[in-house]
Amino acid sequence: MNTLTTTLCTTLLLGTAALTSTNTEAAQFVAADNSPGTQICMAVASNKPIKLSMTMRELRVSKKVATDKLSCNNMSMENFAGTYGFNRTAKLLNLKAETNTSIQDLAKLDQQTIMVVAGSK
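A brief report on the enclosed structure follows.

Cut-offs applied
- Residues numbered from 1 in each chain as written.
- Predicted model: local features only at pLDDT ≥ 70, side-chain atom pairs only at ≥ 80, totals over all residues.
- Heavy atoms only, no water.
- Helix = DSSP H or I, 4+ residues; strand = E, 2+ residues; numbered from the N terminus.
- Contact = heavy atoms within 4.5 Å.
- Core = buried A, V, L, I, M, F, W, Y, C linked by side-chain atoms within 4.5 Å.
- Buried < 20%, exposed > 50% of the residue type's maximum accessible area, 1.4 Å probe, protein only.
- Phe/Tyr/Trp six-rings, centres within 6.5 Å; stacked < 30°, edge-to-face > 60°.

### Here's the deal with the side chain of T67
Logical step 1: When you line up the elements, T67 lands in helix α4 (residues 63-69).
Logical step 2: The contact partners of T67, leaving out residues within four places of it in the chain, are M77, L93 and L95.

### Describing the nonpolar core
One recurring pattern in soluble globular proteins: nonpolar side chains tend to sit buried together.
Logical step 1: V44, L52, M77, F80, F86 and L93 are the most contacted members of the largest nonpolar core, which totals 19 residues.
Logical step 2: Sorting the residues of this core by element identifies α2 (36-45), α3 (49-59) and α5 (77-84) as the ones contributing at least two each.
Logical step 3: At five residues, the largest contribution of residues to this core is made by α2.
Logical step 4: If sequence neighbours within four positions are ignored, F80 has contacts with C41, V44, A45, C72, N73, M75, F86 and V117.

### Notes on the packing of aromatic side chains
Logical step 1: Per the counting criterion, the structure on display carries five aromatic pairs.
Logical step 2: Seen from their ring centres, F80 and Y84 are 5.4 Å apart, and the 70° between their planes marks the pair as edge-to-face. With F80 and Y84 both in helix α5, this residue pair falls four residues apart, about one helical turn.
Logical step 3: For F80, a relative accessible area of 0% translates into the label buried.
Logical step 4: Note on Y84: relative accessible area 28%, which makes it partly exposed.
Logical step 5: The rings of F29, F80, Y84 and F86 are connected pair by pair, giving a single aromatic cluster.

Following this line, the structure appears as structure tokens:
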């Protein structure tokens, strides 16, 4: 009986993990232009701190300028990171990116949304 229970739990756990791993990319971010502001916004959207750090170094933009003066999609950097859940890059910029808990329809996750990202000029 224990073997059957263990096998059943393992199967359910692996099935759930496979289901959630295939649908993690619900939105795809596309750059609106090639301006420095948009490049930094795209680096934030990558949620990869190393990529953000390298982009900021190449463009010679400090963390303070990026967080205080740059806006992405007409939102402050803090709101942009919090809205889309970019916690890792927000942490690098010392932002409080609080994500909200929401319920998502699993059948709707098969459709991939394309978000156009534009930085302030």
